Amino acid sequence: MELKHKEKEALWQTFFEQHAYLKETGGWHLSLERLLGEALTPVAFPPKESWQELTKDGLPLLQHEDLLPCVAAAAAGRLDGALSLVLGSQDIETPEEMHQSLTDLRAFAANQEAATALFTALLQQDDAAIRRLAAEHGLQETSLRLFGWAVIDVLVPAEAKDAAVWEEAGWTRNYCPVCGRQPVMAVLRKEQHGRARFLVCDGCHTVWPYARVGCVYCGNQDLKKMKILEPEGEEAMRLDVCEECHAYLKTYQGCKQINQAAPDGPDECEEIYRHDWATLHLDLAGQEQGLVKRGSALLAAAPGPDEGEEK
Ligand SMILES: [Zn+2]
Ligand SMILES: [Zn+2]
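Rules and cut-offs
Residues numbered from 1 in each chain as written. Chains lettered and ligands numbered in written order. Predicted model: local features only at pLDDT ≥ 70, side-chain atom pairs only at ≥ 80, totals over all residues. Heavy atoms only, no water. Donors = N, O, S within 2.8 Å, 3.2 Å for Na, K, Ca; no water. Tetrahedral: all angles 85-135°; square planar, octahedral: opposite > 155°, others 65-115°. Helix = DSSP H or I, 4+ residues; strand = E, 2+ residues; numbered from the N terminus. Buried < 20%, exposed > 50% of the residue type's maximum accessible area, 1.4 Å probe, protein only. Expected span 1.5 Å × (residues − 1). Contact = heavy atoms within 4.5 Å. Domains from an automatic or database assignment. Buried area = accessible area lost by both parts, 1.4 Å probe. Salt bridge = Lys/Arg side-chain N within 4 Å of Asp/Glu carboxyl O. Polar contact = N/O pair within 3.5 Å; in protein donor to acceptor, adjacent residues only side chain to side chain. Nonpolar A, V, L, I, M, F, W, Y, C, P; charged D, E, K, R; others polar.

1. A word on the coordination of the zinc ion (ligand 2)
Argument step 1. Ligation of the zinc ion (ligand 2) by protein atoms is provided by C215 (SG), C218 (SG), C242 (SG) and C245 (SG), these donors lying 2.3 to 2.4 Å from the ion.
Argument step 2. Its four donor atoms give the zinc ion (ligand 2) angles of 106 to 113° at the centre, a pattern that matches the tetrahedral case.
Argument step 3. Here the donor residues of the zinc ion (ligand 2) are spaced in sequence according to C-x2-C-x23-C-x2-C. Of this pair, C218 sits in the loop between β3 (207–210) and β4 (226–229) while C245 sits in the loop between β5 (237–242) and β6 (248–252), and the two are 27 residues apart along the sequence.
Argument step 4. Take C218: its relative accessible area is 37%, and that puts it in the partly exposed class.
Argument step 5. What makes C245 buried here is its relative accessible area of 16%.

Set out below in structure tokens:
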């Protein structure tokens, strides 16, 4: 369901009225998304008809050896322009600390070779290489991941992010068919027979179908080792917790008031909740329970040498 710009604005406004503490950070993310979306054009992907064949053995589109260097080079080539736009725009209020990180990143962006290596490392989820590049060039790792993935995100054509494409292609794996990242959250959508689960990528924001039950991270199917947490005051979301790998998955279950009228597919509010930052308060709730967040584009895929539980 395509919403008109005005209706979308109104939904966001209501959301921020209910979640005032998210207004500043959320507003910044939305402005970033909009600015980059307006300034950058997606790279040319192979024809849509070939995607099923290209991914049938489990290799995501961007991991193909002809597409990965092409996207990494395109991202590197546009990094400086994207940064100067964000740093110079009146339409986005960048917090001081972030402003400094992005200024540092801009100095780095002049070095095309290093910038290409950075995007290659991001796309390959090569955490060691990302850490090394950040250390060598004095960059803040989180800002680099955040901005880097924001650029990659807009370079992926919108039609590749559509769940319908991946349903048709038969992609049912627990990682993104476009970039290969683990999902950051799930959404439940009404279908003819009950509800179906879809996973959401925090890197390129592709949505794809996945089995309705079980842990998406470790594959645990034992329902006795799964539980659901329903945080107070946020009826639209729940946390699916796996007691096998101690991860939680934020799951959007629909907004009640709107769901009644919604046809099949995503309801009006889903797009809001598909932004990971829109439910940061639920991540805090998860952390309080000692649970692990996975799939965030801001975090390393695996715990670093200092963060791991075991030696
Ligand atoms: Zn992705
Ligand atoms: Zn698990």
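Having seen it, we continue.
2. Description of helix α6 (residues 112–123)
Argument step 1. Counted at 1.5 Å a residue, the expected span for α6 with its 12 residues is 16 Å, and the 16 Å between its end C-alpha atoms agrees.
Argument step 2. Turning to α6, its buried residues are A114, A115, L118, F119, A121, L122 and L123.
Argument step 3. Looking at the buried residues of α6, the elements they touch are α4 (67–88), α5 (96–109), α7 (127–136) and α8 (141–155).
Argument step 4. Two residues or fewer after α6 comes Q125, characterised by a positive phi angle close to 50°.

3. Regarding the domain arrangement of the chain
Where interface size is quoted, it is often the accessible area lost as the parts come together.
Argument step 1. Domain assignment breaks the chain into domain 1 (19–156) and domain 2 (159–288).
Argument step 2. Contacts between domain 1 and domain 2 engage 24 residues on the former and 26 residues on the latter.
Argument step 3. Summed over both sides, the interface between domain 1 and domain 2 buries roughly 2,100 Å², with carbon and sulfur atoms accounting for 61% of that surface.
Argument step 4. Contact with domain 2 buries surface across domain 1, with W51, W149 and D153 losing the most and accounting together for 23% of the total.
Argument step 5. Where domain 1 touches domain 2, the interface holds two salt bridges.
Argument step 6. Where K161 meets D153, a salt bridge forms, and the shortest distance between an N and an O atom there is 2.4 Å.
Argument step 7. Summed over the shared surface of domain 1 and domain 2, the number is 11 residue pairs in polar contact (both at pLDDT 80 or more).
Argument step 8. Looking at the side of domain 1 that touches domain 2, the elements that each hand over two or more residues are α2 (23–39), α3 (51–55) and α8.
Argument step 9. Here the residues of the side of domain 1 that touches domain 2 are counted per class, giving 11 nonpolar, eight polar and five charged.

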